[in-house]
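Listed here are the chains, written in short residue letters.
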Amino acid sequence: MFTATGLCACFYKSYLGLQNTVKSRALMAATVGKSVKSSTTNSGKSKTVEPLQISPTSISPSLVKKFSELSIQKTEKHKTENNSKIKSPGTGLYDNIQKYNLPYPEAVFDIDYFYMDQRPFFALAKELYPGNYSPNEVHYFVKLLHEKKKLLRMYTQNIDGLERLAGIPSEKLVEAHGSFNTASCIKCGTKHSSEEIKDKIFADETPQCKNQRCKGVVKPDITFFGEQLPARFWYHMTDMPRADLLIVMGTSLEVEPFASISELVRKRIPRLLINRDTVGSFRAGGENDVIQIGDVLESVNSLIHKLKWEGDFKKILVQG
């Protein structure tokens, strides 16, 4: 068990109850990437329980059909908020894509638009490509949870690969919106490594399939709006019921179907939200919900101090 400094009374009061109910054998984490203000919290003493290896066919056929048809969607509210951010003159994102006269900002990640014009995405991809940013202390905290045998799985909406760079093993990751780690031809499906297409993208050239009979456009395996989510997204169907604690951090919980997986843990299981805002189903204030609003990095460092894990954490930061 451990304690954490609460930024409001309701958090600290809820946390006292959490201490008495959680016997943590595994942790779940949902996080987003390079923001310097992202956060995580908790874990207790635990037994190691290796996650189940599953495939869609291990679940009922009706569920397979239902979930295989899921595609990434965005709420109107989220769309409006994103419009204002992407359309801000002077930002790198705006300057890089405004010359392409996109019909709406999100078209840069729309699969139908990509088939018509790949230039806006590849212009943006140069900024998003792994290597342009480094993991922060939040990513390394999740790595510490893994090394302490307390991480069941980490679910992320990030496409920047910072979790991998922090050293979180691929088998512990569910990159629900894909990543730059691999790429595929949109015509024949031939797989390509990230390095195979990186030079083309940075040279402002459209990467083409290595299959001589095809020569289709190669797209990083990032889930665009309108595309099916990766097969690993299925893991939530067995992971969530097994979790003793769910940690949600640094997310708006507005992009579906990812946003809904936070509601799939058992009713008696505590859920922690460490975030800049109260989001998603946490707004309803469930009796087992613990909410801390504020700077995520500060919360992580405070937690590490309370756990007396500073020495172990410093070693991970040095290794990173």
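Quantities reported herein were computed from a predicted structural model and do not represent experimental measurements.

**A closer look at the packing of aromatic side chains**
- One pass over the structure, following the stated rule, counts nine aromatic pairs.
- Ring centres 6.1 Å apart and planes at 70° place the aromatic pair phenylalanine 109 and phenylalanine 121 in the edge-to-face group. A residue pair is termed long-range when its members are at least 10 positions apart, and phenylalanine 109 in the loop between helix H4 (92–97) and helix H5 (111–116) and phenylalanine 121 in helix H6 (residues 119–128) qualify at twelve residues.
- A centroid spacing of 4.8 Å and a plane angle of 50° characterise the contact between tyrosine 129 and phenylalanine 180, whose relative ring orientation is tilted. Taken together, the residues tyrosine 129 in the loop between H6 and helix H7 (137–147) and phenylalanine 180 in strand E5 (residues 178–185) connect sequence positions 51 residues apart.

**Describing the pairing of E5**
- Counting buried positions along E5 yields six of eight residues, so the element is predominantly enclosed.
- Here four bridges tie E5 to strand E7 (residues 218–222), and the two strands are oriented antiparallel to one another. Looking across to E7, one finds that alanine 183 is bridged to proline 220.
- Where E5 folds back on strand E6 (residues 191–193), the antiparallel hairpin that results is connected by five residues, among which glycine 189 adopts a positive phi of roughly 85°.

**Looking at the sheet that holds E5**
- The strand order across the open sheet formed by three strands is E6-E5-E7, and the pairing between neighbours is antiparallel. Edge positions in the sheet fall to E6 and E7, since each of these pairs with one other strand and no more. Across the sheet, the mean angle separating the axes of adjacent strands is 40° when strand polarity is ignored.
- Across the sheet, H6 lies against E5 and E7, angled at about 50° from E7, the strand it touches most.
- Each of E5, E6 and E7 touches helix H9 (residues 194–202); the most contacted strand, E6, lies at about 70° to it.

**Focus on the packing of H7 against helix H11 (residues 296–307)**
- Packing of H7 against H11 leaves a shortest axis separation of 9 Å and a crossing angle of 35°. Every pair of crossing elements has a handedness; the one defined by H7 and H11 is left-handed. Along the contact surface, H7 presents Glu137, Val138 and Phe141, while H11 presents Val296, Leu297, Val300, Asn301, Leu303 and Ile304.
- Its residues assigned to classes, the contact of H7 with H11 comprises seven nonpolar, one polar and one charged.

**A short note on the packing of H7 against helix H12 (residues 310–319)**
- It is the contact of H7 with H12, at a shortest axis distance of 10 Å, that shows an interaxial angle of 115°. Helix-helix and strand crossings are classified by hand; for H7 and H12 the assignment is right-handed. Facing Glu137, Tyr140, Phe141, Lys143, Leu144 and Glu147 of H7, the residues of H12 in contact are Asp312, Phe313, Ile316, Leu317 and Gln319.
- Residue composition of the contact of H7 with H12, by class: six nonpolar, one polar and four charged.

Rules used throughout
- Sequence order as written defines residue numbering, which begins from 1 separately in each chain.
- Local features in this predicted model are restricted to residues whose pLDDT is 70 or higher, and side-chain atom pairs enter the listing and the counts only when it is 80 or higher, whereas totals over whole chains, interfaces and linings include all residues.
- Only heavy atoms go into the side-chain values, all of them from the structure, while hydrogens and water stay out.
- Stacked, edge-to-face and tilted labels apply to pairs of Phe, Tyr and Trp rings (six-membered ring for Trp) whose centres lie within 6.5 Å, assigned for plane angles under 30 degrees, over 60, and everything in between, in that order.
- Going along the chain from the N terminus, every DSSP run of H or I of four or more residues is numbered as a helix, and every run of E of two or more is numbered as a strand.
- Type-normalised accessible area, obtained with a 1.4 Å probe on protein chains alone, sets the label of each residue: buried when under 20%, exposed when over 50%, and partly exposed for intermediate values.
- If DSSP finds at least two bridges between two strands, the strands pair.
- Axis angles are defined between N-to-C directions and span 0 to 180 degrees, where every axis is a line fitted to C-alpha atoms and, for a helix, only to the segment in contact.
- Two residues qualify as a contact provided that any one of their heavy atoms is within 4.5 Å of a heavy atom in the partner residue.
- Take the far helix as the reference: if the near one is turned anticlockwise from it by less than a right angle, the crossing is left-handed, and if turned clockwise, right-handed.
- Each residue receives one of three labels: charged for Asp, Glu, Lys and Arg, nonpolar for Ala, Val, Leu, Ile, Met, Phe, Trp, Tyr, Cys and Pro, and polar for the others, Gly being one of them.

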